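Spelled out from the first residue to the last, the chains are:
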Amino acid sequence: MTYSGEQTTLFLRLVTILMPLGMYFLLLGLLNSRRHPQLLSGRRDFTLLMAAFSPMLILPALSALSLSWWSGLAVMGAVVALTAIGAPRSGRWVIYNLPADEARQVIRRALEAEGLAFEEGPGGFLAGEGRLGIQISAFGLLRNVSIRLSGSDQPLQQGFCRAVADQLLTCPAQTCPATVAMMMAAIVMIVAPLVLVAHRAGDIVRIVVDMLP
């Protein structure tokens with residue numbers, strides 16, 4: 001079976017889209033299969049998400065601008081700028097592989113370890129005589145919990161986050177079925193495109209060289 005240049009380009013685009021997604025799902029699977037729940041800043045979590053899905057934005061833009069080295073740099077620069085602007089600055093965290101009820105227990109213990117009096121409500125906590133607000137939202141399928149902190153006392157927020165990280169080291173984590181499915185999907189996304197284009201390596205190199213100035 002022979003492949004035209006257009007088919008080779010299509011396969012190359014498929015690899016460009018699926019490989020970052022596969023690596024992202026693989027990373028999520030690894031984070032959700034550790035011995036203890038993992039704490040990640042909202043900024044880092046958003047950056048990983050953008051890195052995985054940005055090819056879906058970049059490839060259509062390159063097609064519209066014509067496939068060239070300089071247009072590629074311009075689009076990449078725009079995506080990096082968008083990531084920098086959209087990423088949460090501070091006060092947002094994600095706990096991977098921890099049910100919502102256990103996350104509340106971790107937060108209670110962290111506040112007690114910091115010697116902070118607190119009030120608990122359906123949406124979260126209010127601690128330190130109102131100086132620290134803690135909003136909680138959960139994604140039950142993957143057992144991930146998002147934490148949003150409010151208040152102008154940055155040292156208080158930093159101390160609380162350190163206390164949460166310390167408490168997570170005492171929490172055993174269990175691998176959920178969704179994590180196993182995610183790891184399997186990641187392997188397929190990484191391996192399948194490589195199998196499709198492996199025998200077209202020469203054509204792919206030629207396409208990449210043609211893009212160079």
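Quick caveat, the model's predicted, so the values are computed rather than measured. (Residues numbered from 1 in each chain as written. Predicted model: local features only at pLDDT ≥ 70, side-chain atom pairs only at ≥ 80, totals over all residues. Heavy atoms only, no water.)

Looking now at helix α4 (residues 100-113). Here α4 contains 14 residues, and its C-alpha end-to-end distance of 20 Å stays within 8% of the 20 Å for a straight helix at 1.5 Å per residue. All of the buried residues in α4 are Ala-103, Arg-104, Val-106, Ile-107, Ala-110 and Leu-111. In an axial view of α4, the angular spread of the buried residues amounts to 160 degrees, which keeps them on one side of the axis. Set apart from the buried face of α4 by more than 90 degrees, the exposed residues are Asp-101, Glu-112 and Ala-113. For α4, the elements touching its buried residues are β3 (118-121), β4 (124-127), β5 (132-139), β6 (144-150) and α5 (154-168). Just downstream of α4, Gly-115 is the residue with a positive phi angle, here 70 degrees. (Helix = DSSP H or I, 4+ residues; strand = E, 2+ residues; numbered from the N terminus. Expected span 1.5 Å × (residues − 1). Buried < 20%, exposed > 50% of the residue type's maximum accessible area, 1.4 Å probe, protein only. Arc of directions from axis to C-beta. Contact = heavy atoms within 4.5 Å.)

Attention now goes to the sheet that holds β3. Across the sheet, which stays open at both edges, the 6 strands sit in the order β1-β2-β6-β5-β4-β3 with antiparallel pairing between neighbours. The sheet is open, and its two edges are formed by β1 (38-41) and β3, each paired on a single side. Ignoring strand direction, the axes of neighbouring strands in this sheet form an average angle of 20 degrees. As paired elements, β3 and β4 share 4 bridges and run antiparallel to each other. Considered in β4, the bridge of Glu-119 is made with Leu-126. (Pairing = 2+ DSSP bridges. Axes fitted to C-alpha atoms, helices over the stretch in contact; angles between N-to-C directions.)

Soluble globular proteins tend to pack their nonpolar side chains together in the buried interior. Counting residues in each nonpolar core, the largest one holds 23 residues, and the members touching the most others are Ile-107, Leu-111, Leu-132, Ile-134 and Phe-160. Per element, the largest residue contribution to this core is 6 residues, and it comes from α5. Aside from chain neighbours lying at most four places away, what touches Ile-107 is Phe-125, Ile-134, Ile-136, Ile-147 and Phe-160. Core analysis: the second largest hydrophobic core is formed by 13 residues, Leu-31, Leu-142, Met-182 and Met-189 among them. (Core = buried A, V, L, I, M, F, W, Y, C linked by side-chain atoms within 4.5 Å.)

The next thing to look at is the pattern of salt bridges. For the coordinates displayed, the defined rule picks out 2 salt bridges. Note that Glu-120 is salt-bridged to Arg-104, the shortest N-O span being 2.8 Å. Linking Glu-120 in strand β3 with Arg-104 in helix α4, this pair joins segments that are 16 residues apart in sequence. Classification of Glu-120 by relative accessible area gives partly exposed; the value is 39%. A residue is classified by how much of its surface remains accessible, and Arg-104, at 17% relative accessible area, is buried. The partner of Arg-108 in a salt bridge is Glu-120, and the shortest N-O contact between them spans 2.9 Å. Here Glu-120 lies in strand β3 and Arg-108 lies in helix α4, a separation of 12 residues in the sequence. Several salt bridges share partner residues, and in doing so they unite Arg-104, Arg-108 and Glu-120 into one network. (Salt bridge = Lys/Arg side-chain N within 4 Å of Asp/Glu carboxyl O.)

Angle between the axes and distance between the axes: these two values describe a pair of packed helices. α5 packs onto α4 with a crossing angle of 125 degrees between their chain directions and a minimal axis gap of 8 Å. Classified by the angle their axes make, α4 and α5 are oblique. Crossing hand, α4 versus α5: right-handed. Contact with α4, carried on its side by Val-106, Ile-107, Arg-109, Ala-110, Leu-111 and Ala-113, involves Phe-160, Ala-163, Val-164, Gln-167 and Leu-168 of α5 and no other residues of that element. Looking at the contact of α4 with α5 residue by residue, the class counts come to 9 nonpolar, 1 polar and 1 charged. (Parallel < 35°, antiparallel > 145°, perpendicular 65-115°, else oblique. Left-handed = near helix turned anticlockwise from the far one by under 90°. Nonpolar A, V, L, I, M, F, W, Y, C, P; charged D, E, K, R; others polar.)

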